[in-house]
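Chain residues, written in single-letter form:
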Amino acid sequence: MTQGTDYDIAIIGAGAAGLSVAYFLSEDARVVVLEAESQPAYHSSGRSAAMYIEGYENQVVRHLTQSGKNFFFAPPAEFSDTPLVTQAGGLTVSGPAEAPKLERYLNTWQPHCPELQPISVTQARDIIPILRTTWLSAAAYDPSWHNIDVHALLQGYQRGIRQNGGEVITDFRTDNIERAGKHWHMRCADRQVSAPILINAAGAWANHIAELARIDTLPLTPLRRTAAIVPAPANCRDWPLLHTISENLYFKPESPGLMVCPQDETPSPAMDAYAHEIDIAQALDTFAQVADFDVKTVTHSWAGLRTFTPDRFPVVGFDKQNNGFFWLAGQGGFGIQTSPGLARLAADLVKHESPQDEVNIVQQISVNRF
Ligand SMILES: Cc1cc2nc3c(=O)[nH]c(=O)nc-3n(C[C@H](O)[C@H](O)[C@H](O)COP(=O)(O)OP(=O)(O)OC[C@H]3O[C@@H](n4cnc5c(N)ncnc54)[C@H](O)[C@@H]3O)c2cc1C
């Protein structure tokens, strides 16, 4: 059976990357998104901490996040019935002998995040009272960190795709890719979809898709990250996200308690990731050092893959072989918050239009750097 072969653009992967770029491209192209699972966002995009943080990772990520800021804070009419972001705040804390790290953090981000300010340990404990006085040495607070309603965001992208005449086909695990003439032909068992442009938005599987298409792979490494929900004081609902300056713990309110994460980055094959006991134990151990609150049980845990390039910039653009194969990969731990900004930029590049972004960012995220 051949399934709708007359598409302009086929996108592999219905996570934040594939859905967002399909949303923008479907405004003036016939777009199809092919998803292996029976629902979109089953992998990384459905397993995130759902944060919007402008002072995060590096200056390229900051730029891409800020370029989608208006989309999050004032989305297009009818995109979502609910706000896409709600204020959370971010508390950065350091333990004994870590104050110089906090100083460097402030020097890096304060020029770009004017609301980020050092605060006293007393103020930090007013915000999160369970912080241990014996551990806490210095702190900074940024009220501009927000929670993202990931469900509303991804639903909005999908609704927009449908309204523009695009399609999202689930249960389509692309297992064969052929280039014939000017078209890419993607097959799943006896079904086939064809288009002259193929966008690789397959997250941790991006190199697998390249191999199927006989395209040189890129230095992309999926890294596992673990999260656990633990019971917490009732009043924790209003706490900001807390993270340690040494990057070995963050926690944030998440129904029915606190989401605790050891900030692990364990290389993994592309797979349906799951939480390993050792990583949960590590999270609880650090939590016990930082917070005076006895955790007796773990309510729920999960893990997801964050896929990085060596420079931790995403990789976006047509492959060097110039045959209509477009990379949209390497969104690491920032693929939700960068999705509107990065997808708009990617859509411009697919259409060979001059991106509104600076040329310099386009070069920094280009495939040609490898
Ligand atoms: C614990 C954790 C916390 C995070 N916190 C944040 C955060 O606070 N803020 C933030 O912005 N980001 C966060 N991230 C990162 C974010 O989740 C990722 O960057 C983002 O989800 C990547 O999106 P994606 O679409 O590239 O990948 P995915 O969501 O994994 O989508 C790729 C899709 O491709 C499909 N696919 C693969 N192979 C095939 C095939 N052969 N055929 C068809 N389909 C295929 C997969 O099934 C999958 O659905 C976090 C991640 C984790 C794990």
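Residues numbered from 1 in each chain as written. Predicted model: local features only at pLDDT ≥ 70, side-chain atom pairs only at ≥ 80, totals over all residues. Heavy atoms only, no water.

Asks: Let's hear about the site of the ligand: which residues, and what values?
Replies: Close contacts around the ligand come from 36 residues, with Glu-35, Ser-45, Met-51, Gly-332 and Gln-337 the closest. For the ligand, an oxygen atom lies 3.0 Å from a polar atom in the backbone of Ala-17. Contact between the ligand and Gly-332: an oxygen atom at 2.8 Å from a main-chain N or O atom of the residue. If the ligand stood free it would expose 1,000 Å²; the protein chains cover 97% of that surface. Listed by contribution, the elements that provide at least two residues to the shell around the ligand are α1 (16–25) and β19 (300–308). The class makeup of the residues in the shell around the ligand is 16 nonpolar, 14 polar and six charged. Each of domain 1 (9–66 + 150–219 + 311–369) and domain 2 (90–144 + 221–308) contributes no fewer than three residues to the shell around the ligand. (Near = heavy atom within 4 Å. Polar contact = N/O pair within 3.5 Å; in protein donor to acceptor, adjacent residues only side chain to side chain. Areas by Shrake-Rupley, 256 points an atom, 1.4 Å probe, with all protein chains shown as cover. Helix = DSSP H or I, 4+ residues; strand = E, 2+ residues; numbered from the N terminus. Nonpolar A, V, L, I, M, F, W, Y, C, P; charged D, E, K, R; others polar. Domains from an automatic or database assignment.)

Asks: Go over the side chain of Arg-224 with me, naming the residues and quoting the values.
Replies: Assignment of secondary structure puts Arg-224 in strand β14 (residues 221–230). Polar side-chain contacts of Arg-224 include one of 3.4 Å to the side chain of His-276. Filtering out sequence-adjacent residues up to four positions away, Arg-224 remains in contact with Asp-264, Glu-265, Thr-266, Ser-268, Ala-273, Tyr-274, His-276, Asp-279, Ala-303, Gly-304 and Leu-305. (Contact = heavy atoms within 4.5 Å.)

Asks: So, the domain arrangement of the protein: which residues are in play, and what are the values?
Replies: Often, the extent of an interface is quoted as the loss of accessible area upon association of its parts. When cut into domains, the protein gives domain 1 (9–66 + 150–219 + 311–369) and domain 2 (90–144 + 221–308). The C-alpha-based centres of domain 1 and domain 2 are spaced at 29 Å. In this complex, domain 1 contributes 26 residues to the contact, which on the side of domain 2 involves 25 residues. Buried surface at the junction of domain 1 and domain 2, summed over both partners, amounts to about 1,900 Å²; 53% is from carbon and sulfur atoms. Summed over the three residues of domain 1 that lose the most area to domain 2, namely Arg-47, Ala-204 and Arg-312, the buried surface amounts to 27% of that side. In this structure, Glu-265 engages Arg-312 in a salt bridge whose closest nitrogen and oxygen atoms are separated by 2.7 Å. Connecting domain 1 to domain 2 are twelve residue pairs in polar contact (both at pLDDT 80 or more). At the level of elements, β3 (51–52) and α2 (59–67) are the ones that each hand at least two residues to the side of domain 1 that touches domain 2. Looking at the side of domain 1 that touches domain 2 element by element, the count peaks at three residues for α2. Residues of the side of domain 1 that touches domain 2, tallied by class, amount to ten nonpolar, eleven polar and five charged. (Buried area = accessible area lost by both parts, 1.4 Å probe. Salt bridge = Lys/Arg side-chain N within 4 Å of Asp/Glu carboxyl O.)

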